[in-house]
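Architecture and fold: a report
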Amino acid sequence: MMQPTESELCVFVGQRADYYLKTWFPEDRLSQPISGEFNPAAFWFSGVWFAYRKMYGKATIFVAAFLLAQLSIVMLLLLITLAAPGSIASVYLFWAAVVGIPSVVLLALAFCCGTYGNLWYQDFSCKAIAQLQQQSAISSAKSLPTLSVQGGTSWLGALGFMLLLVSAQSLFIVAVLQVFNTVARSVSLL
């Protein structure tokens, strides 16, 4: 696989290409960690940042990991409640665990995104450029407009992702409330 040129990367990345190129190819490579600089946007906006940068697969993995962590915690708490009804005797403790533990998981995921986001984006960009070059088999000068369209940023993608995330989270909360109410009635927690 041929490495993309700096101009191809600039066109593909679009906004903030200077930041990413400086991060990916620092002048002093020995002082730079393997993952590059910490990316605050990837940390604070994690899944939305992936979608904004058109890394929809990674955005989906982020949401799936978070929802799976939430589901695992809720199922564990429900199993504990069913096995030993007095063990989680207060509704407050149950909801503190349901909200608190996933928040820690979300923070850990966000930290991973901030730490490795630049590295993942570099890999994504290089692979996408190589794939486009292989498909088109034309000179890099003629493929620049295609790179610009395929790469860059997408506010629409970020907005769509946020709507998807809010919808998934809302459905999850409704489902947890339904299950909790059913279990609470059966073990007399309420």
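Because the structure is predicted, anything quoted here is derived from the model rather than measured.

Conventions used here
- Residues numbered from 1 in each chain as written.
- Predicted model: local features only at pLDDT ≥ 70, side-chain atom pairs only at ≥ 80, totals over all residues.
- Heavy atoms only, no water.
- Helix = DSSP H or I, 4+ residues; strand = E, 2+ residues; numbered from the N terminus.
- Salt bridge = Lys/Arg side-chain N within 4 Å of Asp/Glu carboxyl O.
- Buried < 20%, exposed > 50% of the residue type's maximum accessible area, 1.4 Å probe, protein only.
- Axes fitted to C-alpha atoms, helices over the stretch in contact; angles between N-to-C directions.
- Parallel < 35°, antiparallel > 145°, perpendicular 65-115°, else oblique.
- Left-handed = near helix turned anticlockwise from the far one by under 90°.
- Contact = heavy atoms within 4.5 Å.
- Nonpolar A, V, L, I, M, F, W, Y, C, P; charged D, E, K, R; others polar.
- Patch = residues over 30% accessible without salt bridge, like charges linked within 9 Å, V, L, I, M, F, W, Y side chains within 5 Å.
- Areas by Shrake-Rupley, 256 points an atom, 1.4 Å probe, with all protein chains shown as cover.
- Phe/Tyr/Trp six-rings, centres within 6.5 Å; stacked < 30°, edge-to-face > 60°.

Focus: the environment of Leu82
Secondary-structure assignment places Leu82 in helix H4 (residues 56–83). Considered as a pair, Leu82 and Val183 are 101 residues apart in the sequence and their alpha carbons are 7.5 Å apart.

A look at the pattern of salt bridges
As enumerated under the stated definition, the model contains 1 salt bridge in all. The partner of Lys127 in a salt bridge is Asp123, and the shortest N-O contact between them spans 3.3 Å. Residue Lys127 and its partner Asp123 are both found in helix H5 (residues 91–136); the two are separated by 4 residues, about one turn of the helix. On the basis of relative accessibility, which here comes to 36%, the residue Asp123 falls in the partly exposed class.

Some thoughts on helix H2 (residues 17–24)
Within H2, 6 of the 8 residues are buried, which leaves the element mostly enclosed by the surrounding structure. What H2 keeps buried is the set Ala17, Tyr19, Tyr20, Leu21, Thr23 and Trp24.

Structural notes on the packing of helix H3 (residues 40–52) against H4
Closest axis-to-axis distance for the H3/H4 pair is 7 Å, and the angle between their directions is 160°. In terms of their interaxial angle, H3 and H4 are classed as roughly antiparallel. You can see that H3 and H4 cross each other, and the crossing is left-handed. Between H3, through Ser46, Gly47, Phe50 and Ala51, and H4, the contact on the second element is made entirely by Tyr56, Lys58, Ala59 and Phe62.

Observations regarding the packing of helix H1 (residues 6–13) against H2
It is the contact of H1 with H2, at a shortest axis distance of 9 Å, that shows an interaxial angle of 130°. If you check the angle between H1 and H2, you find them oblique. Two packed elements cross with a definite hand, and for H1 against H2 that hand is right-handed. Contact with H1, carried on its side by Glu6, Leu9, Cys10 and Val13, involves Ala17, Tyr20, Leu21 and Trp24 of H2 and no other residues of that element. Looking at side-chain class alone, the contact of H1 with H2 contains 7 nonpolar, no polar and 1 charged residues.

Thoughts on a nonpolar patch on the surface
A cluster of nonpolar residues, Leu156, Leu159, Met162 and Leu163, forms a patch on the protein surface that exposes about 420 Å² of accessible area. Within the secondary structure, Leu156 is located in helix H7 (residues 155–187).

Considering the packing of aromatic side chains
Within this structure, the stated rule accounts for 14 aromatic pairs. Note on Tyr20 and Trp24: the rings are 5.7 Å apart at their centroids and 45° apart in plane angle, and the pair reads as tilted. With a gap of 4 residues between them, Tyr20 and Trp24 both fall in helix H2, about one helical turn apart. What makes Trp24 buried here is its relative accessible area of 6%. Ring geometry for Phe38 and Phe111: centres 6.1 Å apart, planes at 40°, overall tilted.

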